[in-house]
Amino acid sequence: MRDFDAAPLDAEARRILQLNDRGGYTVPTAGLYPYQWNWDSAFAALGFASFDISRAWAEIETLLTGQWDNGMVPHILFHRTDPGYFPGPDVWGTETALGRGTCSVPSSGISQPPVLASLAWRIYRADPAAGRGRLVPLYPRLLAYHRWIIAARAETGAVVITHPWEAGRDNAPDWDEAMAGIEPLGVEPYTRRDTSHVDARMRPTKEDYDRFIWLVQFARDRRWDEAAIAAESPFRVADPTLTFTALRSARDLKAMAHELGEDEAEIDGWITHLEAGAETLWNPETGAYDAKNLRTGNFAGSVSNASFLSWWGGLADDRPRATLARILGQSRHALPSYDPEGPKFDSLRYWRGPVWAVMNFMAANGMAEQGLTEEAARIRADTARLIVENGFAEYFDPTDGTPAGGATFTWTAAVWLAWASPSAGTGAGGR
Ligand code: DGY
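First things first, this report covers the structure right here in the doc. (Residues numbered from 1 in each chain as written. Predicted model: local features only at pLDDT ≥ 70, side-chain atom pairs only at ≥ 80, totals over all residues. Heavy atoms only, no water.)

1. Quick notes on the sheet that holds strand β7 (residues 292-293)
Read across the sheet, four strands follow the order β3-β4-β7-β8 without closing on themselves; strand pairing throughout is antiparallel. Edge positions in the open sheet fall to β3 (160-161) and β8 (298-299), since each of these has one partner strand only. As paired elements, β3 and strand β4 (residues 237-238) share two bridges and run antiparallel to each other. Opposite I161, over in β4, you have V237 as the bridge partner. (Pairing = 2+ DSSP bridges. Helix = DSSP H or I, 4+ residues; strand = E, 2+ residues; numbered from the N terminus.)

2. Some remarks on the side chain of E264
With respect to the helices and strands, E264 occurs in the loop between α11 (240-260) and α12 (265-279). There is a polar contact of 3.2 Å between the side chain of E264 and the side chain of H258. In contact with E264, other than residues within four places in its own chain, are K254, A257 and H258. (Polar contact = N/O pair within 3.5 Å; in protein donor to acceptor, adjacent residues only side chain to side chain. Contact = heavy atoms within 4.5 Å.)

3. As for helix α15 (residues 373-390)
Given 3.6 residues per turn, any residue in an α-helix points the same way as the ones three and four places further on. Taking 1.5 Å of rise per residue, the 18 residues of α15 would be expected to cover 26 Å, and the 26 Å separating its terminal C-alpha atoms lies within 8% of that figure. Taken residue by residue, α15 has E375, A376, I379, R380, D382, T383, A384, L386 and I387 as its buried positions. In this structure, the buried residues of α15 make contact with α13 (321-330), α14 (357-369), β9 (395-396) and α16 (410-420). Phi for G391, located one or two positions after α15, is positive at around 90 degrees. (Expected span 1.5 Å × (residues − 1). Buried < 20%, exposed > 50% of the residue type's maximum accessible area, 1.4 Å probe, protein only.)

4. Considerations on the pattern of salt bridges
All told, the structure shown has 33 salt bridges when counted by the stated rule. Salt-bridge contacts for D239 lead to R169; the nearest nitrogen and oxygen are separated by 2.9 Å. Of this pair, D239 sits in the loop between β4 and α11 while R169 sits in the loop between β3 and α7 (176-180), and the two are 70 residues apart along the sequence. Ionic pairing is found between D176 and K344, a salt bridge with its closest N-O pair at 3.0 Å. Of this pair, D176 sits in helix α7 while K344 sits in the loop between α13 and α14; the two residues are 168 residues apart in sequence, bridging distant segments of the chain. The partly exposed category is assigned to K344, whose relative accessible area is 33%. Look at the salt bridges and you will find they share partners, linking D21, R55 and E59 into a network. (Salt bridge = Lys/Arg side-chain N within 4 Å of Asp/Glu carboxyl O.)

5. Observations regarding the packing of α14 against α16
At a minimum axis separation of 8 Å, α14 and α16 run at an interaxial angle of 35 degrees. Contacts between α14 and α16 involve A357, V358, N360, F361, A364 and N365 from the former and W411, T412, V415 and W419 from the latter. Classifying every residue of the contact of α14 with α16 gives seven nonpolar, three polar and no charged. (Axes fitted to C-alpha atoms, helices over the stretch in contact; angles between N-to-C directions. Nonpolar A, V, L, I, M, F, W, Y, C, P; charged D, E, K, R; others polar.)

Next up, the structure:
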């Protein structure tokens, strides 16, 4: 990519962020995802930071207006109702949720991978003078978010999800066993909207959706009470995405605490706890970090792109390197979201094969930090090539690069600006 003129694509990426800007928050893409999503928004902030640092902080501030009193940051904030998306606020029914307290922003009742503190820290480091006044009031809120994760979701040290949407990897094979254990009886009649925006072959199946909605109703019936959900839900899966992003964020929160002169002891305890939890996700049979169904104790047996976030989590662990080498060797476009030699590989179907730029960003940056320089360079080059040849798609087929899912996608544009573009390398995304 050395001789490549990045300027037109940089301009297009900035245009996409502005196109998807709804005033203080950014939608992932118009139509398919018309609200503010938690981890999409954190990446939007990272993208904005490459050309408008104040707008980057505004994105984070708006996301935290949806934080519940118990510290949870929801995965969707429904700032303005849009009938083109299902399930909307009426289905979630979080008005009377137990942890919500005084928060008045309509939202879902679950969370998402906690990348916010890490990306806020990256944005701060790009311009500490501009960031300090913004970070100081946000810091206690970020801390409360992670205190909630540890209290509500980290009983084994690894961080669990209560719904596949919390992992962000909605239909990953990681959840197949737990999803098969759900008999979706009593699901209220519904009409999917996603397949009116995107080819159904690229989206989760109806079997998945019935269970997605069943799990929403299950938690809604318990007023989103974390204790009741933990005790009664058939779905409780320890997830590498949440575990490694939480671990990374805890380390970044510790750096923030140091910078702001705050106490670090509580965060040190979280790091120790999460590191022990991460170890419980090591699956010697696959040679990779894996999801674990806490209801059965079984590993999923899934080698996914989340398996390779351990370096992003700050683990100096060489054990996954052999499996990483195998996956890179098999992939024309890295990193596939599921092992191309695995029995469930589906090159177009969302998280069962396709490549996602945000996962590549985290995986490769973690690898670079831990000395896996060649692997990181390969993943960055593949990400750049996919975007140059196929545009700012939501995700890409790892076999031929076919763009899939939504187009003009916020986080793909953001990752381009912050990292994959040849012009990146300084500022918030700089490596
Ligand atoms: C969707 O609607 O597909 C989202 O991934 C849920 O968060």
